[in-house]
Amino acid sequence: MSLDMIHVYQEGKNPAAPTLVLLHGTGGNEHDLLGLGAMISPDSALLSVRGKVLENGMPRFFRRLAEGVFDEEDLVLRTGELHAFLDAAAAEYGLDRSNMVAVGYSNGANIAASLIFHEQESFRGAALHHPMVPRRGLQLPALGGMPVFIGAGANDRICPPHETEELTELLRGAGAEVEVHWENYGHQLTGTEARAAAEWFKRTF
Ligand code: MLT
């Protein structure tokens, strides 16, 4: 296994706190969510990853055929790559692989959701900001009470409310404990949404 994804690793103050795996949105990079991560859990190690796919020069975690239409073959391949990277990073940095919490925005939330859909050992929990349903028609692994925070916008045209509702039902159906935070805005990740994620984290871990 190799550390073949561009990333930033910041050691945490408390080794027992979950490592936050930070996953940016389309056109972002591994620096974007460091501030959000530090706000959600100031004592956690941060592992922030850059997506390997480029769309007109913009980093993403998997290809899409059009806005909101995912390239499923690439999604599955990239999900496996991220999974292998997290295993390798845990070994390299001496992290507990079973104590990682994903924090993703938009495309980064979608690859985090895809990892949860595809892998039995994905994350201990996840904060998904403006996610969509990554794939349909899959049998999800048993999620055994996995805590999931979803931040959504009632006026989000990229990740519309029906996607949030369907994703919530699919995750709950597999046993996840899902908390949904609604904002009256669009696709942006607002300060109040970030604070709600931080409160959820404090209550939960
Ligand atoms: C995606 O392609 O993952 C979603 O449309 C969100 C985004 O624009 O990144």
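Our subject is the structure that appears above.
Residues numbered from 1 in each chain as written. Predicted model: local features only at pLDDT ≥ 70, side-chain atom pairs only at ≥ 80, totals over all residues. Heavy atoms only, no water.

1. Considerations on the site of the ligand
Right, on to step 1. Around the ligand sit Thr26, Arg60, Phe62, Arg64, Gly68, Phe70, Ser106, Asn107, Asn110, Met132 and Ile158, and those are all the residues in its vicinity.
Right, on to step 2. Interatomic distance of 2.8 Å between a side-chain N/O atom of Arg60 and an oxygen atom of the ligand.
Right, on to step 3. Between an oxygen atom of the ligand and a side-chain N or O atom of Ser106, the distance comes to 3.2 Å.
Right, on to step 4. Taken by itself the ligand offers 260 Å² of open surface, and the protein chains cover 96% of this.
Right, on to step 5. Each residue belonging to the shell around the ligand can be placed in one class, and the counts come to four nonpolar, five polar and two charged. (Near = heavy atom within 4 Å. Polar contact = N/O pair within 3.5 Å; in protein donor to acceptor, adjacent residues only side chain to side chain. Areas by Shrake-Rupley, 256 points an atom, 1.4 Å probe, with all protein chains shown as cover. Nonpolar A, V, L, I, M, F, W, Y, C, P; charged D, E, K, R; others polar.)

2. A word on helix 2 (residues 72-93)
Right, on to step 1. Its 22 residues give helix 2 an end-to-end C-alpha distance of 31 Å, which sits within 8% of 32 Å, the value for a rise of 1.5 Å per residue.
Right, on to step 2. On its buried face, helix 2 sits against strand 1 (7-10), strand 2 (19-23), strand 3 (46-49), strand 4 (53-55), strand 8 (100-105) and helix 3 (107-118).
Right, on to step 3. Positive phi appears at Gly94, one or two residues downstream of helix 2, with a value of about 70°. (Helix = DSSP H or I, 4+ residues; strand = E, 2+ residues; numbered from the N terminus. Expected span 1.5 Å × (residues − 1). Contact = heavy atoms within 4.5 Å.)

3. A look at helix 4 (residues 161-173)
Right, on to step 1. Between the first and last C-alpha of helix 4 there are 18 Å, a value that for 13 residues agrees with the 18 Å anticipated at 1.5 Å per step.
Right, on to step 2. Along helix 4, the positions that sit buried rather than exposed are Glu163, Thr164, Leu167, Thr168 and Leu171. An end-on view of helix 4 places all buried positions within 135° of arc, on one side of the element. Relative to its buried face, helix 4 has exposed residues pointing more than 90 degrees away, namely Glu169 and Gly173.
Right, on to step 3. On its buried side, helix 4 packs onto helix 3, strand 9 (125-129), strand 10 (147-153) and strand 11 (177-183). (Buried < 20%, exposed > 50% of the residue type's maximum accessible area, 1.4 Å probe, protein only. Arc of directions from axis to C-beta.)

4. As for the pairing of strand 8
Right, on to step 1. The buried fraction of strand 8 amounts to six of the six residues, a majority that puts the element mostly inside the structure.
Right, on to step 2. Taking every second residue as pointing to the same face, both faces of strand 8 are buried, with Met100, Ala102 and Gly104 on one and Val101, Val103 and Tyr105 on the other.
Right, on to step 3. With five bridges joining them, strand 2 and strand 8 adopt parallel strand pairing. In the strand pairing of strand 8, Leu23 is matched with Gly104.
Right, on to step 4. Following the chain from strand 8 across helix 3 to the adjacent parallel strand 9, one finds a crossover that is right-handed. (Pairing = 2+ DSSP bridges. Right-handed = clockwise from strand over helix to strand, strands pointing away.)

5. So, unusual backbone geometry
Right, on to step 1. Even without being a glycine, Asn56 presents a positive backbone phi close to 50°.
Right, on to step 2. As for its placement among the helices and strands, Asn56 is situated in the loop between strand 4 and strand 5 (58-60).
Right, on to step 3. Accessibility expressed as a relative area gives 77% for Asn56, which makes it exposed.
Right, on to step 4. Backbone geometry places Ser106, a non-glycine residue, at a positive phi of 55°.
Right, on to step 5. On the secondary structure map, Ser106 appears in the loop between strand 8 and helix 3.

6. Section: the pattern of salt bridges
Right, on to step 1. Applying the stated criterion to the full structure yields 14 salt bridges.
Right, on to step 2. Between Arg78 and Asp74 there is a salt bridge whose closest N-O contact spans 3.1 Å. Taken together, the residues span about one helical turn, with Arg78 and Asp74 both in helix 2 at a distance of four residues. For the pair shown, Arg78 and Asp74 are each scored as buried.
Right, on to step 3. One salt-bridge network, held together by shared partners, links Asp4, Lys52, Arg63, Asp74, Arg78 and Glu81. (Salt bridge = Lys/Arg side-chain N within 4 Å of Asp/Glu carboxyl O.)

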